[in-house]
Amino acid sequence: MIQLYGLRLSNYYSLIKALMIDKGLDFEEVKAPPTQKDDNLARTPMGKMPSIGVDGKYLSESLAIAQYLDAIAPQPALLPSDPWQAAKVMELVYHIKLDVELVARRCLPEALFGQSVSEETKTSTQAELKRGLAAVNRIIVCEPYAAGNTLSLADYYLYFCYGLADVISQKMFNESIIAQNPDIAALMQKLAAHPSIAQVDAEQAEK
Ligand SMILES: N[C@@H](CCC(=O)N[C@@H](CS)C(=O)NCC(=O)O)C(=O)O
């Protein structure tokens, strides 16, 4: 049994939960808010969520966790077997994660937690978000899935990263990053109906 630590409100926690459901893994959810307390730092060295526990050992960082899950439960595969296509999936994942989600996240305190961020941060976030979105638009396929023919790790990152970044962008800049690209909007809808993702969203709503 794997322990999944974190909170359901976290997009990366949700992503890992969807992967574990799709892979048919036996897991339990353990509520663990992001803190700098010793017990949490032992699981996740930055104190962030999610992390997993396996036989008393711990692993953090969603990409590392996804890699581990794919190794212990290879089906359904998160990456194509062709090395080039697999690397292209990872390229897309990195741009979604680092150049869209992580950029939008700078405004998270104001967008979702009632704090304020500086005008400088807002201006630089909006400009860099535009650049990140353009980068993703240049390489995303969306026919029928984010990176091509099959559902891959890129679809999970698209769904959970764009979901959060879209909320932030709408609140901060009055712009939907999803509506800007009809192909991505259609894929997001399709992914929302994917059973594991629909289950994660429903359980998040009930808290
Ligand atoms: N790079 C990490 C990011 C995880 C992350 O940003 N988690 C957020 C919640 S979605 C968090 O714990 N934030 C609290 C903090 O930054 O201290 C991953 O991919 O797992």
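Remember, it's a predicted structure, so these values are computed and weren't measured experimentally. (Residues numbered from 1 in each chain as written. Predicted model: local features only at pLDDT ≥ 70, side-chain atom pairs only at ≥ 80, totals over all residues. Heavy atoms only, no water.)

This paragraph deals with the packing of aromatic side chains. The tally for this structure, following the rule as stated, stands at 3 aromatic pairs. Ring centres of Y5 and Y58 lie 6.0 Å apart, and the angle between their planes is 70°; on these two criteria the pair is classed as edge-to-face. Highlighted residues: Y5 in strand 1 (residues 2-6) and Y58 in strand 4 (residues 57-60), separated in sequence by 53 residues. Over the aromatic face of Y145 sits the side chain of K190, whose NZ or CZ is 4.8 Å from the ring centroid. (Phe/Tyr/Trp six-rings, centres within 6.5 Å; stacked < 30°, edge-to-face > 60°. Helix = DSSP H or I, 4+ residues; strand = E, 2+ residues; numbered from the N terminus. Lys NZ or Arg CZ within 6 Å of the ring centre and 35° of its normal.)

It is worth spelling out the site of the ligand at this point. As a matter of local geometry, the ligand sits amid S10, N11, Y12, P34, K48, M49, P50, E61, S62, K97 and R105. Within the side chain of E61, one N or O atom sits 2.7 Å away from a nitrogen atom of the ligand. K97 is positioned such that a nitrogen or oxygen atom in its side chain is 2.6 Å from an oxygen atom of the ligand. When its residues are assigned to classes, the shell around the ligand shows 4 nonpolar, 3 polar and 4 charged. (Near = heavy atom within 4 Å. Polar contact = N/O pair within 3.5 Å; in protein donor to acceptor, adjacent residues only side chain to side chain. Nonpolar A, V, L, I, M, F, W, Y, C, P; charged D, E, K, R; others polar.)

Next up on the list: helix 1 (residues 11-22). Look at helix 1: 17 Å from first C-alpha to last across 12 residues, which is about the 16 Å you get at 1.5 Å a residue. Within helix 1 the residues assigned to the buried category are N11, Y12, Y13, S14, L15, I16, K17, A18, L19 and M20. N-cap assignment for helix 1: the residue whose side-chain oxygen lies 3.3 Å from the backbone N of Y12 is S10. Of the residues one or two after helix 1, G24 is the one with positive phi, at around 70°. (Expected span 1.5 Å × (residues − 1). Buried < 20%, exposed > 50% of the residue type's maximum accessible area, 1.4 Å probe, protein only.)

With that settled, consider the sheet that holds strand 3 (residues 51-54). Hydrogen bonds along the backbone pair up the strands of a sheet, which may run parallel or antiparallel. Strand order across the open sheet formed by 4 strands is 2-1-3-4, with mixed pairing between neighbours. The outermost strands of the open sheet, each flanked by one partner alone, are strand 2 (27-31) and strand 4. Averaged over all pairs of adjacent strands, the angle between their axes in this sheet comes to 25°, without regard to strand direction. With 3 bridges connecting them, strand 1 and strand 3 associate as antiparallel partners. (Pairing = 2+ DSSP bridges. Axes fitted to C-alpha atoms, helices over the stretch in contact; angles between N-to-C directions.)

It is worth spelling out the pairing of strand 2 at this point. Across 5 bridges, strand 1 lies against strand 2 in parallel orientation. Considered in strand 2, the bridge of L4 is made with E29. Viewed along the sheet, the connection from strand 1 through helix 1 into strand 2 turns out right-handed. (Right-handed = clockwise from strand over helix to strand, strands pointing away.)

In this section: the domain arrangement of the chain. Domain annotation for the chain reports domain 1 (2-72) and domain 2 (83-194). Centre-to-centre, using C-alpha coordinates, domain 1 lies 22 Å away from domain 2. With 10 residues of domain 1 at the interface, the matching set in domain 2 holds 13 residues. Here domain 1 packs against domain 2, burying approximately 1100 Å² in sum over the two surfaces, 65% of which is carbon and sulfur. When the buried surface of domain 1 facing domain 2 is broken down by residue, N11, Y12 and L63 rank first, second and third, together holding 50% of it. Run the count over domain 1 and domain 2 and you get 0 salt bridges. Applying the counting criterion to the domain 1 and domain 2 interface returns 8 residue pairs in polar contact (both at pLDDT 80 or more). With 7 residues, helix 1 is the largest single contributor of residues to the side of domain 1 that touches domain 2. For the side of domain 1 that touches domain 2, the residue count by class is 6 nonpolar, 3 polar and 1 charged. (Domains from an automatic or database assignment. Contact = heavy atoms within 4.5 Å. Buried area = accessible area lost by both parts, 1.4 Å probe. Salt bridge = Lys/Arg side-chain N within 4 Å of Asp/Glu carboxyl O.)

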